[in-house]
Amino acid sequence: VQLTLTPGQAAVADGLPTELDILCRRLCSDTPPTLFDLALDCEAAGRSGTPRSDALARAWWLARHGDATAAPTGEQPHPALDADSDGLRLAGTTVTGRAGALVTDRPCGPLLLACDAPAVLRLCLDGPGVAVTTRATLDPAHQVLDLDLADAPVTVLATGEKAADRIAEYRAAHQVLAAAEMVGLAAHCLHTALRYVAEREQFGKPLSTFQSVRHSCAQAFSELELARSMVYGAAASPGQGDAPGGCDAWQTQLLVGDATVAVAETAIHLHGGRGLVWDSDLHPALRRIWVLRSANGGPGRAAREVARQLLEHRGGAAI
Amino acid sequence: MRLADDHDEAAFRAEFRAWLRRDPAAALLDEAQRGTARGDVGQRFELRSRWHRALHDGGWMGVSWPSRFGGRGLPFAYQIILNEELTAVQAPPIAAWVAVELVAPLLMKWGTAAQQNAMLPGILTGETVVCQGFSEPGAGSDLAAVSTTARRDGEHWVLDGTKVWTSWAQHSSVALVLARSDPAQPGHRGLSCFLVDIDSPGLRVEPLRMLHGGAEENWLHLDGVRVAGEALLGEPGRGWRVVMHSLSLARGVSSLTRTATVEVAIARLLTEHSTGTAPLDEVTAHRLAVLHARARALRWLCYRVVGELDQDGIPGSIASTEKLLWARLSRDVAALTLDVHGLPGLTEPTDWAGDTNTAERFDYLRTLADSVEGGTDEIQREILATRVLGLEA
């Protein structure tokens, strides 16, 4: 057990994110970074406003399963296993239905999709029966890739337990890394607010001297640290393989989604009218938090999954 | 950060787990599970004393104490393993946790060799139970306003005053009393700490019935209590440092003990309502999911707190968030439990209705103290704002 950050991890936790290319190369090396390392990087990216968790979850998953699922030739596939798979029906080697995947860039290679068969499918976006549109979200960096599939031919890459494991692994990593980015975004908001309340004066003294303001800040800080602890814990306690356990990942999405929205809202509120203008750099963070927390089915699905798993897999143990 | 056991840790965990499955541990845990007498202070204390003794006899007390004080000198990670395994079997807390977690480290740091030899062995076995006589009717959050006096009389000190909220004093053998030893000094200067035998002439313990019906708390009346000079813990006039050390301990390893209480409460609820027994409605299940996630995160926050403590012995910047987060969670879980049991959970036992379980309502009412005792929510927020966030007051 290692309860603290190593000096290298502490440097990332306090600093800027690593270049994505460098991280991707490291992921393919003999000593790849752990999911915990990637979470710290996503948090740093969140603080600096760089979208990162989506790309890193994909890179992490591809580095682990590239052999089994990568196309023999052509562009590297784009895992979009977080897409809502409930709407996809697999019949033989064709798939029909609608799905939406959260992306930061429109994929140029084939897409990897999940369906409830369960199966991992490889789909060429320019193939027959595939209609693709992208929709902007309230965060300019994220789009939803809408797929409308009518008997679209697919390659089935994995089925059964193997497919279910791969899909669950991707989702868990995606949830934890997205949560880490949300923590970084909320941390940026809170730190901005702390600077503001120390400088801004009303009634002849800084806002930070008013107890109601001080206590708002303290409460927001506590929520932020709780959310960060959730990310750290989930990323540092491996379930199967190196991925966090499914229930931990769902709990992370649930808790961090709520906590970071609350922190960002408090930070905007503490800025008074100045937090409400377009030029503020707080609402872009809040927008991104909303998009990230709504991925993977959003908090409603997360709560249902947590409750189901807690009540079904009950051994009487408290932790 | 890495939360998987290494080889030695895994072996330690396996050994402790095996011990928990054997008697006397298994029998005591079974008795604690069946016990519905959470409202009866005496019965609760007695069971928790036997549990303390069993843990000691098994060699599981003081694992992170230095070996010169009878401990095993292991890192805090081992304390976490014990806490995880105890929580998993829903073990009760030990009776003398205040002595073990909050007072023993004070003795190790500030005590004389004579005080250490006299008290630490008994604290480990559970025979020496210590209560903290800090608060007074006129000194709650403003603890430095204590008016209990300590007057020098030759080689002795004479204590006069009234302490309140002294938990478990009726079962204690020693009280750690904060008193003003130099009336000329204001505020936190001129305060001293004394180790006072609970059966000293002039000392009277008066149980104080609380809103839940039980009386864990007590008045401590000190009426001309004479103690020897050796009763002084630390230097005269420097008692504030001892008290601050005690309060910082409450923000350290004790946070694990607190988190465990919430996890055990959630586990009871889950055991009663796991699928196939009495299903929960969707709204209640959602509340449960949220609270479970918060408890999970709080445990990991405690690990970060303990990790920071392990580095330099000083609680770090996030330590003060734990009590605040825990107090709310603890009450929310207790309230959810009451809601789940509905009106039947609020009815009194009768001959015709049978023996309704009164534990849930006791637990809920007890949690109202969580945001008050050991530093109110407001004090915690103020500490965070000033010391951690650096906001100018």
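Anything mentioned here points back to the structure above.
Residues numbered from 1 in each chain as written. Chains lettered and ligands numbered in written order. Predicted model: local features only at pLDDT ≥ 70, side-chain atom pairs only at ≥ 80, totals over all residues. Heavy atoms only, no water.

> How would you sum up the overall build of chain A? Please name residues and give values.
When helices and strands are counted, chain A shows nine helices and nine strands. Rg of the C-alpha trace for chain A: 21 Å, near the compact-globule value of 20 Å for 319 residues, within the 12% margin. Along the three orthogonal principal directions, the C-alpha set of chain A runs to about 75 × 45 × 40 Å. Burial analysis of chain A (319 residues in total) assigns 57% to the buried set. Considering only contacts within chain A whose residues lie at least 6 apart along the sequence, 74% involve residues at least 24 apart. About 13,000 Å² of surface is accessible on chain A, with carbon and sulfur atoms providing 51% of the total. Of the charged side chains in chain A, 27 are positive and 36 negative, and the gap between their average positions amounts to 4 Å. (Helix = DSSP H or I, 4+ residues; strand = E, 2+ residues; numbered from the N terminus. Rg over C-alpha atoms; globule rule 2.2 N^0.38 Å. Buried < 20%, exposed > 50% of the residue type's maximum accessible area, 1.4 Å probe, protein only. Contact = heavy atoms within 4.5 Å. Areas by Shrake-Rupley, 256 points an atom, 1.4 Å probe, with all protein chains shown as cover. Lys, Arg positive; Asp, Glu negative; His and termini not counted. Charge placed at Lys NZ, Arg CZ, Asp CG, Glu CD.)

> Run through the interface of chain B and chain A, naming residues and quoting values.
Between chain B and chain A, the contact holds 60 residues from the first and 47 residues from the second. At the boundary of chain B with chain A, total buried surface from both sides reaches about 4,700 Å², with 66% on carbon and sulfur atoms. In this structure, Glu223(A) and Arg328(B) form a salt bridge, with 3.7 Å as the shortest nitrogen-oxygen distance. Applying the counting criterion to the chain B and chain A interface returns 19 residue pairs in polar contact (both at pLDDT 80 or more). Those elements that place two or more of their residues in the side of chain B that touches chain A are helix 4 (76-88), helix 8 (254-273), helix 9 (282-312), helix 10 (319-341) and helix 12 (377-388) of chain B. Here the side of chain B that touches chain A takes 21 residues from helix 9 of chain B, the largest share from any one element. Taken together, the residues of the side of chain B that touches chain A break down into 30 nonpolar, 13 polar and 17 charged. (Buried area = accessible area lost by both parts, 1.4 Å probe. Salt bridge = Lys/Arg side-chain N within 4 Å of Asp/Glu carboxyl O. Polar contact = N/O pair within 3.5 Å; in protein donor to acceptor, adjacent residues only side chain to side chain. Nonpolar A, V, L, I, M, F, W, Y, C, P; charged D, E, K, R; others polar.)

> Help me get a handle on the environment of Gly273(A), residues and values and all.
Mapping Gly273(A) onto the fold places it in the loop between helix 7 (246-270) and helix 8 (283-294). Remark: the alpha-carbon pair of Gly273(A) and Val306(A), spanning 33 residues in sequence, is separated by 38 Å.

> Run through helix 12 of chain B, naming residues and quoting values.
Since the α-helix advances by 3.6 residues per turn, residues separated by three or four positions end up pointing in the same direction. Between the first and last C-alpha of helix 12 of chain B there are 15 Å, a value that for twelve residues agrees with the 16 Å anticipated at 1.5 Å per step. Among the residues of helix 12 of chain B, Asp377(B), Gln380(B), Arg381(B), Ile383(B), Leu384(B) and Ala385(B) are the ones counted as buried. Elements in contact with the buried residues of helix 12 of chain B: helix 6 (211-236) of chain A together with helix 10 of chain B. Looking one or two residues past helix 12 of chain B, Gly390(B) carries a phi angle of roughly 65 degrees, positive in sign. (Expected span 1.5 Å × (residues − 1).)

> Before we move on, could you go through unusual backbone geometry and cite the residues and values that matter?
Pro118(A) follows Ala117(A) through a cis peptide bond whose omega is -5 degrees. Asp23(B) connects to Pro24(B) through a cis peptide bond whose omega is 10 degrees. By the element assignment, Pro24(B) lies in the loop between helix 1 (7-21) and helix 2 (25-34). Non-glycine residue Phe203(A) carries a positive phi angle of around 55 degrees. Checked against the element boundaries, Phe203(A) lands in the loop between strand 8 (201-202) and strand 9 (205-206). You can call Phe203(A) exposed: its relative accessible area is 77%. Although it is not a glycine, Asn296(A) adopts a positive phi angle of roughly 55 degrees. Overall, the relative accessible area of 7% leaves Asn296(A) in the buried class.

> Before we move on, could you go through the environment of Gly92(A) and cite the residues and values that matter?
Structurally, the position occupied by Gly92(A) is in the loop between strand 2 (88-91) and strand 3 (94-103). Given the relative accessible area of 59%, Gly92(A) is considered exposed.

> Can you lay out the packing of helix 8 of chain B against helix 9 of chain B for me, pointing to particular residues and giving the numbers?
Residue and element names in this part refer to chain B. Packing of helix 8 against helix 9 brings their axes to within 10 Å, and their N-to-C directions diverge by 155 degrees. The orientation of helix 8 relative to helix 9 falls into the category roughly antiparallel. Between helix 8 and helix 9 lies a crossing whose hand is left-handed. Every residue of helix 9 that contacts helix 8 at Ser255, Leu256, Thr259, Ala260, Val262, Glu263, Ile266, Leu269 and Leu270 is listed here: Leu288, Leu291, His292, Ala295, Leu298, Arg299, Cys302, Tyr303, Val305 and Val306. (Axes fitted to C-alpha atoms, helices over the stretch in contact; angles between N-to-C directions. Parallel < 35°, antiparallel > 145°, perpendicular 65-115°, else oblique. Left-handed = near helix turned anticlockwise from the far one by under 90°.)

> Residues and numbers for the environment of Arg287(B), please.
Residues and elements named next belong to chain B. Mapping Arg287 onto the fold places it in helix 9. Relative accessible area serves as the criterion here: at 33%, Arg287 is assigned to the partly exposed category. In this structure, the C-alpha to C-alpha distance between Arg287 and Leu336, residues 49 residues apart in sequence, is 7.7 Å. The contacts of Arg287, once residues within four sequence positions are left out, are Ala335, Leu336 and Asp339. Within the local environment of Arg287, its side chain forms a polar contact with the side chain of Asp339, the two groups lying 2.9 Å apart.

> Quick rundown of the packing of aromatic side chains? Include the residues and the values.
Residue and element names in this part refer to chain A. With the rule as written, the count across this model stands at eleven aromatic pairs over all chains. Their ring planes at 70 degrees and their centres at 5.2 Å tell us that Phe36 and Tyr232 sit as a pair that is edge-to-face. Separated by 196 residues along the polypeptide, Phe36 in helix 3 (residues 35-47) and Tyr232 in helix 6 bring together distant segments of the chain. We note that Phe36, like Tyr232, is buried. Note on Trp61 and Tyr170: the rings are 6.2 Å apart at their centroids and 90 degrees apart in plane angle, and the pair reads as edge-to-face. Linking Trp61 in helix 4 (residues 53-69) with Tyr170 in helix 5 (residues 160-199), this pair joins segments that are 109 residues apart in sequence. (Phe/Tyr/Trp six-rings, centres within 6.5 Å; stacked < 30°, edge-to-face > 60°.)

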